[in-house]
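In case you want the letters, here they are:
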Amino acid sequence: MPTALVVHAHPDDEVFATGAATSVLHEQGWHVVLRVATAGMHGAAEHLTDSCALLGIDEWGWLGAADQWIDDGGHNGPRTLAAAPPADVAAEVEKAARELEPELILTVGRDGLTGHPDHIAISQAVQRALRRVQCRTLGARVRTEDVRAGERLVQQLAPGQQIGSGHVTGCDGPLEEISGGSEQRRRQALDQYYDGLGSQPLAQLIGVHRSSSDGLLLRAVFDATGWQHDRFEELRASQ
C-alpha cells in the first residue's frame, strides 16, 4: 500500500487545498497521512478527525509538538509558522517523511494557495526538506481563470460585493489535475469547521461571513468550477 504524506499549516487546509486529491488517493488504495503544524484559530483542530474521515485521510498528527506553532489569524506573531526559523519547520517535515517513507507528498504551492504567510512558510519548509528527502511532491494551486470565475459568481449573486483578502490571485501556468471523490463529502468536511460554509447557498453566506474571508472566495471558486478536482504544481528542493 503506497503512502501519501499531506503537510499543511492549519486545520481546514486539508479541505480547501487537497480535499479532492486525498479522496481519490484513498479510493485508489493509498494510505493517506496528514501532518498539521498548528491547531488553527478557535480550537479548530477538534474538527480534524471528522474532516479526515470524510476526505479519505487515514490518520493525522502534529508536525512538531502540538503547541509548537500557533495560528494568530495572519498577524505574523512570534510563534507563527511564518516567524519560525525555516530550518526548524523543514526539520519536522523531514522527520515525518523519514518516519512514513511516502511515495508522494502533498502540500500547498509556492504562493501558499491563498498567499497566507503560514501557508507560504509550510510550502517553503517542504521544499527545503526535499534537499534531504527524495519524494515526488505536489503543491496545490488555483488557476487564475478559476479565481475570476468565482469572483464573477459573487458579482451575479451580490453586485458590488468584493470578497477575499486580495491575495488569492491564481496561476496561469500549466498545472496537474487530480479529479474525483465526492462533492458532498468535501462540502460536509468544510461544514465541520464553518457551519454551512460547505452546504448553505452561497448567496446566503455572502451576507454572513466577513468579506475578507478567502475561505468564502474559495467556496465561490468551487461552486463556479467544481468541487471534485484539485490542481497542483510540481515542487522541487529549494536552492
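Structural notes, computed from the coordinates.

Cut-off values and rules
Residues numbered from 1 in each chain as written. Predicted model: local features only at pLDDT ≥ 70, side-chain atom pairs only at ≥ 80, totals over all residues. Heavy atoms only, no water. 1 Å grid on protein atoms, 1.4 Å probe; cavity = no way out; pocket = protein on both sides within 12 Å on 5 of 7 lines; lining within 4 Å. Points joined across faces, edges and corners; volume = space filled by probe spheres on them. Helix = DSSP H or I, 4+ residues; strand = E, 2+ residues; numbered from the N terminus. Nonpolar A, V, L, I, M, F, W, Y, C, P; charged D, E, K, R; others polar. Pairing = 2+ DSSP bridges. Axes fitted to C-alpha atoms, helices over the stretch in contact; angles between N-to-C directions. Contact = heavy atoms within 4.5 Å. Buried < 20%, exposed > 50% of the residue type's maximum accessible area, 1.4 Å probe, protein only. Parallel < 35°, antiparallel > 145°, perpendicular 65-115°, else oblique.

It is worth spelling out the layout of surface pockets at this point. As a volume, the largest pocket reaches approximately 810 Å³. Lining the largest pocket are 33 residues; nearest its centre among them are Asp12, Met41, His116, Tyr194 and Arg210. Every element with two or more residues in the lining of the largest pocket is listed here: helix H1 (13-16), helix H5 (117-129) and helix H9 (214-225). Broken down by element, the lining of the largest pocket gets its largest block of residues, three residues, from H9. Taken together, the residues of the lining of the largest pocket break down into twelve nonpolar, 16 polar and five charged.

The mixed open sheet is built from seven strands, whose spatial order is E3-E2-E1-E4-E5-E7-E6. Two strands in the sheet have a free side with no partner beyond their single neighbour: strand E3 (59-62) and strand E6 (176-179). Across the sheet, the mean angle from the axis of one strand to that of its neighbour is 30°, orientation sign disregarded. Of the strand pairs in this sheet, strand E5 (residues 136-141) and strand E7 (residues 229-235) are connected by five bridges, and their pairing is antiparallel. Of the residues in E7, the one forming a bridge with Gly139 is Glu233. Of the strands in this sheet, strand E1 (3-8) and strand E2 (31-36) touch helix H4 (residues 86-100), which is tilted by about 165° from E1.

It is worth spelling out the side chain of Thr114 at this point. By secondary structure assignment, the location of Thr114 is in the loop between strand E4 (104-108) and H5. Here Thr114 falls in the buried class, since its relative accessible area comes to 8%. Aside from chain neighbours lying at most four places away, what touches Thr114 is His119, Ser165, His167, Val168, Asp214 and Leu218.

It is worth spelling out the packing of helix H3 (residues 48-55) against helix H7 (residues 183-193) at this point. Between two packed helices, both the angle of their axes relative to each other and the distance between the axes serve to describe the pair. Interhelical geometry of H3 versus H7 gives an angle of 175° and a closest axis separation of 9 Å. Between H3 and H7, the crossing angle belongs to the class labelled roughly antiparallel. The residues of H7 that touch H3, namely those facing Leu48, Asp50, Ser51, Ala53, Leu54 and Leu55, are Arg185, Arg186, Gln188, Ala189, Gln192 and Tyr193. Class assignment of the residues belonging to the contact of H3 with H7 gives a composition of six nonpolar, three polar and three charged.

Okay, the packing of helix H6 (residues 144-157) against H9 next. For the pair H6 and H9, interaxial distance at closest approach is 8 Å and the crossing angle is 95°. Our classification of the angle between H6 and H9 gives roughly perpendicular. For the pair H6 and H9, the contacting residues are Asp146, Val147, Ala149, Gly150, Glu151, Leu153 and Val154 in the first and Leu217, Ala220, Val221, Asp223, Ala224 and Thr225 in the second. For the contact of H6 with H9, the per-class residue count stands at eight nonpolar, two polar and three charged.

Another aspect to go through is unusual backbone geometry. In this model, Asp12 sits at a positive phi of 95°, which is unusual for a non-glycine residue. Tracing the backbone through its elements, the reader meets Asp12 in the loop between E1 and H1. The class of Asp12 is buried, set by a relative accessible area of 10%. The backbone of Glu101 shows a phi angle near 50°, a positive value even though the residue is not glycine.

Mapped onto the elements, Val126 comes out in helix H5. Given the relative accessible area of 1%, Val126 is considered buried. Spatially, the C-alpha atoms of Val126 and Gly139 are 9.5 Å apart, while their sequence positions differ by 13 residues. Excluding its chain neighbours within four sequence positions, the residues that come into contact with Val126 are Val7, Val93, Ile105, Thr107 and Thr137.

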